[in-house]
Amino acid sequence: MTHDQTETSGSAPEHTPVRAASTPYWMLVLGVVLASSVIGIYSRPSGLLAAFWPTNAILLGLFLRSPSMATPSGWAAAAAGYILADLIMGNSWLTATLLNLPNLISVAAALFLFSRTLASDRQLTSPGSLPRLVLIVTAASLVAGVVGGSLSSHLFGTAFGRAFADWMVSELVSYIVVLPAMLTAPAISSWMRRERRARAPEAATPNMVPLLCLLTSFLASVLIGGPGALAFPVMALLACALSYSLFATALLTLAFSLWSIVAVAAGIVPLALELHDPTVLLSLRLGVASIALAPIAVASVMAARNNSLTELRHLAEHDPLTGLLNRRTFHQRVGEQLVQLASQKKPAAMLMIDIDHFKNINDTYGHAVGDRMLRMVAQRLQQCLRDTDPCGRVGGEEFSVFIPECTQDLLEEVTRRIQRTIAGAMVPLDDQQVVSVTLSIGGTLRNPASNDMEAMLLLADKALYAAKRGGRNQTRLM
């Protein structure tokens, strides 16, 4: 929150190691704090309602997303950004320094409390994450209210109760409105992957109806006005929460909150209320924050639900020991691909792979060593395949691989790579000794592919048993 010299001005979402003080991150912190503070200052019309101070929430989001920024140099850069913004407003060095202490203390308090939570809480993807966020930012806002109210009362003679309420409510609103978007923003690499998937021909077209309803509700609030105008977008925001991602919902909620604060202060949305009454202003701010919480709460619950469904689907489709596809899912996916390949007259290959003498290894060294060997083979097997090649554990020590659009040369290359990567690998025992691994591989190639998966599996299995009869540790193709 920032102030002028005569009046307290309420201001309406894997850790990286700590870097040295020479890191350029401090320059980013300084620029972000200075820019957001200046925007907060100059976007504020006269009157307390439009005093929206996003800087603390943005700084907290930066420190939570990149703990390497929260170094002494990072904190010093943040303090410099706050003070420079106040100096632009014409405040003295002393006033600028004193009145930005509550900002830094508030962010530090919130950062300390968030450090005691789980990563899923900071990403708003667990059922209780949003209530915990609200409790944390409420505590940080109370700290800002006490410190800022005391300083404002001492420096400007403002009544402590009013100054406390201005500081506390303004901090709370900005945290609730801005922080969810900071915490849930996807990483750049993740965002680029999603963009590539979105540009794929088979990507589903986003549902634009909730967004259009939201824009319509904004227009209705302008045309109709009245005390209930701010509540017009509630249903549209909830529809957005059910239709879009958590981050998209947080962005739309941020847009709604900024629109509400600016539009009411500028008279674009006539509320027919006495906006110069401090109690009315505080009530409106808290109302905007309360409305903002509703869609974020729904989107957070939906994100937690989707994560749970994804985990359950993964458990249902994958072998728990090796992480490969289980037998049912492997057959299902291969069957679907075979139908498509057969219709396009494209080739395909099937491999059956068996760990040699696995039962003897289990009996001699124990099941823990056998499990260790299965995991190692599965991991190396995946390294030898393309992402488009389904691989599953279809028996105790048996694995199946399907290679779509495969040629004879590619099939021979893949089997050689598998033998070279896995055969002879050493699995450590508990007594510091090792046991080696060898594989028998059977394969078949069909050009064009046949949609009879059972026939391909039977031929690959016959080739596998031919490799075993031939002395094991070899590959046979049919």
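Going by the structure above, here's the rest.
Since this is a predicted model, take the numbers as computed values, not measurements. (Residues numbered from 1 in each chain as written. Predicted model: local features only at pLDDT ≥ 70, side-chain atom pairs only at ≥ 80, totals over all residues. Heavy atoms only, no water.)

Draft legend 1. Unusual backbone geometry, seen in detail. Residues Asn447 and Pro448 are joined by a peptide bond in cis, for which omega reads 0°. Mapping Pro448 onto the fold places it in the loop between strand E6 (439-446) and helix H17 (453-469). Residues other than glycine seldom take positive phi values, yet Lys345 does so here, at roughly 60°. Inspection of the secondary structure puts Lys345 in the loop between helix H13 (327-343) and strand E1 (348-355). Of note in the backbone geometry, His357 takes a positive phi value of approximately 55° without being a glycine. In this fold, His357 is placed in the loop between E1 and helix H14 (358-365). (Helix = DSSP H or I, 4+ residues; strand = E, 2+ residues; numbered from the N terminus.)

Draft legend 2. Main features of helix H4 (residues 93-114). Counted at 1.5 Å a residue, the expected span for H4 with its 22 residues is 32 Å, and the 31 Å between its end C-alpha atoms agrees. At Asn100, H4 shows its largest bend, some 30°, and a proline, Pro102, comes one to four positions later. Every buried residue of H4 is listed here: Thr95, Ala96, Leu99, Asn100, Pro102, Asn103, Leu104, Ser106, Val107, Ala110, Leu111 and Phe114. The secondary structure elements touched by the buried residues of H4 are helix H2 (55-65), helix H3 (72-88), helix H5 (119-122), helix H6 (129-156) and helix H7 (160-184). (Expected span 1.5 Å × (residues − 1). Bend = angle between axes of the 7 residues up to and from the residue. Buried < 20%, exposed > 50% of the residue type's maximum accessible area, 1.4 Å probe, protein only. Contact = heavy atoms within 4.5 Å.)

Draft legend 3. Geometry of H17. Helix length check: H17, at 17 residues, gives a terminal C-alpha distance of 24 Å against a target of 24 Å (1.5 Å per residue), a fit within 8%. Residues of H17 that are buried in the fold lie against H13, E1, strand E3 (398-404), E6 and strand E7 (475-477). Capping the start of H17, Asp452 holds a side-chain oxygen 3.4 Å from the backbone nitrogen of Glu454, two or three residues further along. Looking one or two residues beyond H17, the residue adopting positive phi is Gly471, at roughly 120°. (Polar contact = N/O pair within 3.5 Å; in protein donor to acceptor, adjacent residues only side chain to side chain.)

Draft legend 4. Region of interest: the pairing of E3. With seven of its seven residues buried, E3 lies for the most part within the structure. Residues of E3 alternate between two faces, with Glu398, Ser400, Phe402 and Pro404 on one and Phe399, Val401 and Ile403 on the opposite face, all of them buried. Summarising the sheet, E1 and E3 pair through seven bridges and their orientation is antiparallel. Bridge pairing links Asp354 to Glu398 in E3. One ladder, built from three bridges, connects strand E2 (residues 391-393) with E3; its direction is antiparallel. Following the sheet pairing, Gly392 is matched in E3 by Ser400. Where E2 hands over to E3, the hairpin turn is made up of four residues, counted between the paired strands. (Pairing = 2+ DSSP bridges.)

Draft legend 5. Representation of the packing of H3 against H4 within the structure. At a closest axis distance of 9 Å, the pairing of H3 and H4 adopts a crossing angle of 140°. Compared by their axis directions, H3 and H4 come out oblique. Here H3 and H4 pass one another in a crossing that is right-handed. Contact residues: Trp75, Ala78, Ala79, Tyr82, Ile83, Asp86 and Leu87 in H3; Trp93, Ala96, Thr97, Asn100, Asn103, Leu104, Val107, Ala108 and Leu111 in H4. Per-class residue counts for the contact of H3 with H4 are 12 nonpolar, three polar and one charged. (Axes fitted to C-alpha atoms, helices over the stretch in contact; angles between N-to-C directions. Parallel < 35°, antiparallel > 145°, perpendicular 65-115°, else oblique. Left-handed = near helix turned anticlockwise from the far one by under 90°. Nonpolar A, V, L, I, M, F, W, Y, C, P; charged D, E, K, R; others polar.)

Distances and angles like these do not, on their own, reveal function.
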